[in-house]
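Per-entry structural report
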Amino acid sequence: MAATFDLDGWAEKAEAKASELRDVQTHLWPPHIPREVPGELNGRTFIEIFQANVESAPDRTAINFYGTEITYRQLDDWSDSFAGWLISIGATAGDRIGVFLPNCPQFIVLMLGTLKAGMVHVPINPMFKRGELEFESNDAGLSVLICADYLYELVEAAELNTVRARRFIDVSSLVPETPTVRVPTFLSRDFTGKDDDAWQELTQGEPISSGATDPEAIAALNYTGGTTGVPKGCMHTQANMVVAAHNCALAWGISGAESVSDEVVVAFTPIFWISGENNGILAPLYAGATIVLMARWDAPAVLEAIETFKVTAMSGVVESYLELLSLAGSPQRQLGSLRHLRAMSFTRKLSIDIRRQWEDATGGGSILRESSFGMTESHTSNTFTTGLEDNDFDLLNEPVFVGLPMPGTDFLIVDSKDRDLVDQGEVGEIVLRSPSNFLGYWQKSKETEQTLVDGWIFTGDIGKLSANGTLHYLGRQKEMLKVNGMSVFPSEVEVLMGRHPEVKAVAVVGAQDESTGQSVHAFVEMKPESTVDAEALETWAKEHMAVYKVPSVHLMSEMPRTATGKILKKDLPDVSTTGGL
């Protein structure tokens, strides 16, 4: 993104436009959602809020891990001891502490302990190979790295230039001898590549006497996924975490004026990923809920956990909900405890048909809603659709409907070329202001200046604001296509194609074309039982979208995906300049 825009006076115009939009949005605003983050959260750290829940309900189960129950008191004690251990080995405030673990209770303990010690939590994707680990470790300048035991050989072979202390823990040590639900294979095998499990060392030291108190200090480096270039570390504070936790929990429905002691959240999304951090750590602990933590998505195990532990809240991709329905012998019984649901439309898009299918099967006690628009830089959870589902208002809107801004948050749309503000209904770059916005990119001042201006993030995403002030996401700026001079947004075509009843997943890309400038190509994964061919899909598309949006269809047996379930468009088959494969 070029840094040559003339932004003189931009902030004043942005403020005026944001105020105007807030007035417009009032007509749709649900009464149970506040416009601002509550004032009593100002100046508080996430640790303070967590410890308030420890004091009010110390014996409440904080984490249930395949039947092992860890109370709020135990979680607090263990994280106190880990904070003390960090200090005992010479780590100091601001040091970066790497966590190279899958979903497990130890990950959450280490994160909380790092925050208590005033140090910086750096979650690392446990699916990384050597080069990826070396890049993030060295870029962050890690002082300490805590790793899963099965990653021993990888870590020992890596050149980690700044790491002064590394420890390995047995991530299966907290799995009970007789698990309540089935455990994934990698947690049940005996790893013998090293001699000792450091968990006892990390959690039996002298506990910290008082935790960090500055909510504005850097508390985490959350790395971007690298889908638009080299991954960058986003600097987040505990104040950012508090806002993200409050907004996520509020829109999800797991917190409010009433007691939330009975809320039980199942968490299987990777918690190293910032959306998984919000859904699987921050929002549940903020709300004083129980986290039913699972190492990974495993539909039969999740179904068993929902019924066994009476899970009330879940966040997952659309496919996860459909898979649960396909496995549940009696959905009303096995899924009947669920009340608060968030659906992420990564590959399969949430539709009215899918919403009805879920409601009809489960008895109507819960409703599927789109989760949120957001990005790593803004700690995700930046929009909500809660309260906008009446008469399917959300899903009947022009795609891709992502709702209203979270409390304390504002969106604007600007011209991508000169960053001038544009009117509602016009397409442009999405600009975002939120108290959860990051401080900037770690050791990348130039990139920070280009992205963060007067508290607003220039997202690089394309969208528009409707007449009623709702946000519609259209895709990454660089993904927009021009076909005979007409703008085509891959995300919109993906939603429209996804409405075909036999389509499982869609990824739309463009190619240079001599006659039209660019052409549209849809890589489509069909449902296993489908007999529809590419030609029939193209014919269907011509009946459901403008002719310039109709893609050439290429059927795929399976889509290339990231660890978090996103389709890797860069790994799709190459589309030549003639528009073919």
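This text goes with the structure placed above it.
The sections below set out a description of the structure shown in this document. Sequence positions are assigned chain by chain, starting from 1 and proceeding in written order. The model is predicted, so local features are restricted to residues of pLDDT at least 70 and side-chain atom pairs to those at 80 or more, both for listing and for counting; the totals for chains, interfaces and linings are taken over all residues. To get the side-chain values, all heavy atoms of the structure are used, and hydrogens and water are removed first.

1. Section: the nonpolar core
Rules: For the purposes of this section, nonpolar cores are sets of buried Ala, Val, Leu, Ile, Met, Phe, Trp, Tyr and Cys residues that join through side-chain atoms within 4.5 Å. Accessible area is worked out with a 1.4 Å probe on protein chains only. A residue is then buried under 20% of its type maximum, exposed over 50%, and partly exposed in between. Throughout, a residue-residue contact means that at least one pair of heavy atoms, one from each residue, lies within 4.5 Å.
By size, the foremost hydrophobic cluster in this structure holds 125 residues, and its most contacted members are Phe 46, Leu 75, Ile 108 and Leu 285. Among residues more than four places away in sequence, those in contact with Leu 75 are Phe 50, Ala 62, Ile 63, Ile 70, Ile 108, Val 109, Leu 112 and Leu 285. Ile 430, Val 453, Phe 458 and Leu 471 belong to the second-largest nonpolar core, a separate cluster that totals 21 residues.

2. Some thoughts on the sheet that holds strand S2 (residues 68-71)
So the rule is basically this: Strands are treated as partners if at least two bridges between them are detected by DSSP. The secondary structure listing takes helices from DSSP runs of H or I that are at least 4 residues long and strands from runs of E that are at least 2 residues long, numbered from the N terminus. Lines fitted to the C-alpha atoms define the axes, with helices restricted to the stretch that makes contact. Angles between their N-to-C directions range from 0 to 180 degrees.
Pairing is mixed across the open sheet formed by 6 strands, whose spatial order is S2-S1-S10-S9-S11-S12. Each edge of the open sheet is held by one strand with a lone partner, namely S2 and strand S12 (340-344). Each strand axis lies, on average, 20 degrees off the axis of its neighbour in the sheet, ignoring direction. As defined by bridge partners, strand S9 (residues 264-267) adjoins strand S10 (residues 290-293) across 4 bridges and the pair is classed as parallel. Considered in S10, the bridge of Val 266 is made with Val 292. Lying on the sheet, helix H10 (residues 274-287) is in contact with S9, S10, strand S11 (313-317) and S12; it crosses S10 at an angle near 145 degrees.

3. Concerning empty space enclosed by the protein
As a reminder, the rule being used: Buriedness for pockets is judged along seven lines, at least five of which must meet protein on both sides within 12 Å for an open set on the 1 Å grid over protein atoms alone, while cavities are sets there where a 1.4 Å probe fits but cannot get out, and lining residues have an atom within 4 Å of a point. Grid points are joined across faces, edges and corners, and a volume is the space filled by probe spheres set on the points.
Under the defined criterion, the tally for this structure stands at 2 cavities of 30 Å³ or more. Here the largest cavity is characterised by a volume of approximately 60 Å³. Lining the largest cavity are Ala 251, Trp 252, Leu 341, Arg 342, Arg 369, Glu 370, Ser 371, Phe 384, Thr 385 and Thr 386. Elements with a contribution of two residues or more to the lining of the largest cavity: helix H9 (238-252) and S12.

4. Observations concerning the sheet that holds strand S23 (residues 503-513)
Two orientations exist for strands paired in a sheet by backbone hydrogen bonds: parallel and antiparallel. Pairing in this open sheet of 3 strands is mixed, and the strands run S23-S24-S25 from one edge to the other. Either end of the sheet is taken by a strand with one partner, and the two such strands are S23 and strand S25 (552-556). The sheet shows a mean angle of 25 degrees between the axes of neighbouring strands, direction not considered. Pairing of S23 with strand S24 (residues 517-526), which is carried by 10 bridges, proceeds in the antiparallel orientation. If you follow Ala 505 over to S24, its bridge partner there is Glu 525. On top of the sheet, helix H18 (residues 534-544) reaches S23, S24 and S25; it is set at about 135 degrees to S25, its chief contact.

5. Points about the side chain of Ser 345
So the rule is basically this: A 3.5 Å cut-off defines polar contacts: any pair of N or O atoms within that distance qualifies, except that in protein one atom must be a possible hydrogen donor and the other a possible acceptor, and neighbouring residues in sequence count only when both atoms are side-chain atoms.
Mapping Ser 345 onto the fold places it in the loop between S12 and helix H14 (352-362). A distance of 2.9 Å separates a polar side-chain atom of Ser 345 from the backbone nitrogen of Leu 350. At 2.7 Å, the side chain of Ser 345 and the side chain of Glu 370 are in polar contact. Discounting chain neighbours no more than four positions away, the residues touching Ser 345 are Val 318, Leu 350 and Glu 370.

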